[in-house]
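Understanding the architecture of this molecule
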Amino acid sequence: MIHGTGSALQIPSWQDELKRSFKRPSELLDYLHIDPRWLESPPVHDSEFAMRVPRGFAKLMEPGNPQDPLLRQVLPVAAERVAVPGFVADPVGDLDRSPLPGLLHKYHGRALLIITGACAINCRYCFRQHFSYGGQPAGRRLLPSALRYLAHHPEITEVILSGGDPLMLFDTQLQGIVERLSTIPHLRRLRIHTRVPVVLPQRITSGLTRCLTLSRLQPILVLHLNHAREASEALGQALLPLRNRGVTLLNQSVLLKGVNDNAQTLCDLSESLHTLGVLPYYLHVLDRVVGAHHFETPEYRALDLHREMARRLPGYLVPKLVRELPGEQSKTGLGMTDGP
Ligand SMILES: *Cc1c(COP(=O)(O)O)cnc(C)c1O
Ligand code: SF4
């Protein structure tokens, strides 16, 4: 059963930590000793896509630095409100490609289940920031029809849990979903796309580790780090039990102006990921979502940066540079990833 709350259970510590998140720009800036006047674009306090920053993530920021690359990812600023042509509410066309609420089946062999609309951190560049999840996630009510869909499509061998962020669910809720997925015989792999461990390493509980590693399905965790400073010691520790039990650990990043748009930063990120036992998978160019134009890096620059990474790093530390185009059969590789 997917219950809405964990009321019968002890509230896990990561939930407490989540409640203590910074929710007001002024609070976060005070904590970092940053005068709002130092910022290039002033903070806004009434953003519809609210600020949400767990304290553990704020601790990784550099006090006194208004250009901190971690701060830039999460602080709501006035630049978001500038309308720029070409930036739309649903840039990847996801809302058109949903056979039923909470399920996306765009690519061969893989289906994506949206099991919650919630995230532990609200990233300002997120392409999902304008989705209304009212009735969208395949929660208690919609999960049975999503499972029926999967059962009737034997060509699907991998289910991707997504959101929002799937690790916002309690272990018991995830366990329920994983158990039901594992009864569908043609499914082989279970993938989870999540940023939660990066901002809340304590979310990787022993219960979660059991849930992922005791199932028949081969587990893959795809993290989301954009900067080497997010590869914290605490994250490394938290990932160890998953590494030791053979969970495939990958990372996807978004190329973001003022955050990671230089070769040294991207190479440092790849090296730091490897230290954590994580391989870089995708480097996405920005989806052109309303409110995120100030993060865009021109495509020629993205290609240059990617070539420079290839020159400096072993091949396995160079992520695929990709763009998501509506209606395509897969992510679209740019530059070297175009294939022969
Ligand atoms: C990105 C994505 C996937 C996964 O694609 P991979 O190339 O296998 O990582 C699956 N479904 C949807 C809807 C996606 O956007
Ligand atoms: S879906 Fe991912 S990128 Fe978007 S706000 Fe949530 S954690 Fe950030």
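1. Here we look at the site of ligand 2
Surrounding ligand 2, one finds Cys-119, Ile-121, Cys-123, Cys-126, Gly-164, Arg-195 and His-224. Residue composition of the shell around ligand 2, by class: four nonpolar, two polar and one charged.

2. Considering the nonpolar core
Membership of the largest hydrophobic core comes to 82 residues, with the highest contact counts inside it found for Leu-28, Leu-161, Leu-181 and Leu-239. The biggest single contributor to this core is helix α5 (residues 143-151), with five residues. Of the residues that make up this core, three or more belong to each of domain 1 (13-81) and domain 2 (95-333). Not counting residues up to four positions away in its chain, the partners in contact with Leu-28 are Phe-22, Met-51, Val-53, Ala-58, Met-61, Leu-71 and Leu-75. Core analysis: the next-biggest nonpolar cluster, separate from the first, contains 14 residues, Leu-255, Met-309, Leu-317 and Val-318 among them.

3. Digging into the environment of Pro-85
By secondary structure assignment, the location of Pro-85 is in the loop between α4 (69-74) and β1 (103-107). The exposure class assigned to Pro-85 is exposed, which follows from its relative accessible area of 73%.

4. Considering the packing of α5 against helix α6 (residues 171-182)
The contact between α5 and α6 brings their axes to 11 Å, and the two run at 30°. With respect to their mutual orientation, α5 and α6 come out roughly parallel. Taken as a pair, α5 and α6 cross one another with a handedness that is right-handed. Facing Leu-143, Leu-147 and Leu-150 of α5, the residues of α6 in contact are Ile-177, Arg-180 and Leu-181. Class assignment of the residues belonging to the contact of α5 with α6 gives a composition of five nonpolar, no polar and one charged.

5. Here we look at the site of ligand 1
All residues adjacent to ligand 1 are Leu-104, Lys-106, Tyr-107, Arg-110, Leu-112, Ile-160, Arg-191, Tyr-281, Tyr-282, Glu-324 and Lys-331. Here an oxygen atom of ligand 1 sits 2.6 Å away from a polar atom, N or O, in the side chain of Arg-110. A distance of 2.9 Å separates an oxygen atom of ligand 1 from a polar side-chain atom of Lys-331. Protein contact buries 93% of the 380 Å² of open area that ligand 1 shows by itself. The element best represented in the shell around ligand 1 is β1, accounting for three residues. Here the residues of the shell around ligand 1 sort into six nonpolar, no polar and five charged.

6. Describing the domain arrangement of the protein
A common way to state how big an interface is: give the accessible area lost once the parts meet. Domain annotation for the protein reports domain 1 (13-81) and domain 2 (95-333). For domain 1 versus domain 2, the distance between C-alpha centres works out to 23 Å. Each side of the interface is counted separately: domain 1 has 29 residues, and domain 2 has 31 residues. Overall, the association of domain 1 and domain 2 removes approximately 2600 Å² of surface from exposure, summing both partners, and the carbon and sulfur fraction of that is 60%. When residues of domain 1 are sorted by the area they lose upon contact with domain 2, Trp-14, Phe-49 and Gln-73 head the list and together hold 32% of the total. Taken together, the links from domain 1 to domain 2 amount to two salt bridges. With a shortest N-O distance of 2.9 Å, Arg-229 and Asp-68 are connected by a salt bridge. When residues of the side of domain 1 that touches domain 2 are traced back to their parent elements, those giving at least two are α1 (13-19), α3 (55-58) and α4. For the side of domain 1 that touches domain 2, the per-class residue count stands at 17 nonpolar, six polar and six charged.

7. Remarks on the confidence of the model for the protein
Confidence in the prediction for the protein averages 92 pLDDT; 92% of positions are at 70 or higher. Here residues 1-7 scores under 50 on pLDDT; set against residues more than four positions off or in separate chains, the count is 13 contacts.

8. Focus: the pattern of salt bridges
In the structure shown here, the tally under the stated rule is 16 salt bridges. The closest approach of N and O atoms between Arg-189 and Glu-158, which form a salt bridge, is 2.9 Å. Of this pair, Arg-189 sits in strand β4 (residues 189-193) while Glu-158 is found in strand β3 (residues 158-162), placing the two residues 31 residues apart along the sequence. When its relative accessible area of 26% is taken as the criterion, Arg-189 is described as partly exposed. Three or more residues joined by partner-sharing salt bridges are found here, namely Lys-106, Glu-324 and Lys-331.

9. Notes on α5
The α-helix advances 3.6 residues per turn, and as a result positions three or four apart in sequence lie on the same side. Among the residues making up α5, those that are buried are Leu-143, Ala-146, Leu-147, Tyr-149 and Leu-150. End-on view of α5: buried residues confined to an arc of 155°, all on one side of the axis. On its buried face, α5 sits against β1, β2 (110-114), β3 and α6.

10. With respect to the packing of aromatic side chains
Inspection of every chain in the model, using the stated rule, returns four aromatic pairs. Plain terms: the ring middles of Tyr-125 and Phe-295 are 5.9 Å apart, the flat faces sit at 85° to each other, and that makes the pair edge-to-face. Of this pair, Tyr-125 sits in the loop between β2 and α5 while Phe-295 sits in the loop between β7 (279-284) and α11 (299-312), and the two are 170 residues apart along the sequence. Overall, Tyr-125 belongs to the buried group, its relative accessible area being 4%. Sitting above the plane of the Phe-22 ring, Arg-55 keeps its charged end 4.2 Å from the centroid.

Quick notes on the rules
- Residues numbered from 1 in each chain as written.
- Chains lettered and ligands numbered in written order.
- Predicted model: local features only at pLDDT ≥ 70, side-chain atom pairs only at ≥ 80, totals over all residues.
- Heavy atoms only, no water.
- Near = heavy atom within 4 Å.
- Nonpolar A, V, L, I, M, F, W, Y, C, P; charged D, E, K, R; others polar.
- Core = buried A, V, L, I, M, F, W, Y, C linked by side-chain atoms within 4.5 Å.
- Buried < 20%, exposed > 50% of the residue type's maximum accessible area, 1.4 Å probe, protein only.
- Helix = DSSP H or I, 4+ residues; strand = E, 2+ residues; numbered from the N terminus.
- Domains from an automatic or database assignment.
- Contact = heavy atoms within 4.5 Å.
- Axes fitted to C-alpha atoms, helices over the stretch in contact; angles between N-to-C directions.
- Parallel < 35°, antiparallel > 145°, perpendicular 65-115°, else oblique.
- Left-handed = near helix turned anticlockwise from the far one by under 90°.
- Polar contact = N/O pair within 3.5 Å; in protein donor to acceptor, adjacent residues only side chain to side chain.
- Areas by Shrake-Rupley, 256 points an atom, 1.4 Å probe, with all protein chains shown as cover.
- Buried area = accessible area lost by both parts, 1.4 Å probe.
- Salt bridge = Lys/Arg side-chain N within 4 Å of Asp/Glu carboxyl O.
- pLDDT = per-residue confidence, 0-100.
- Arc of directions from axis to C-beta.
- Phe/Tyr/Trp six-rings, centres within 6.5 Å; stacked < 30°, edge-to-face > 60°.
- Lys NZ or Arg CZ within 6 Å of the ring centre and 35° of its normal.

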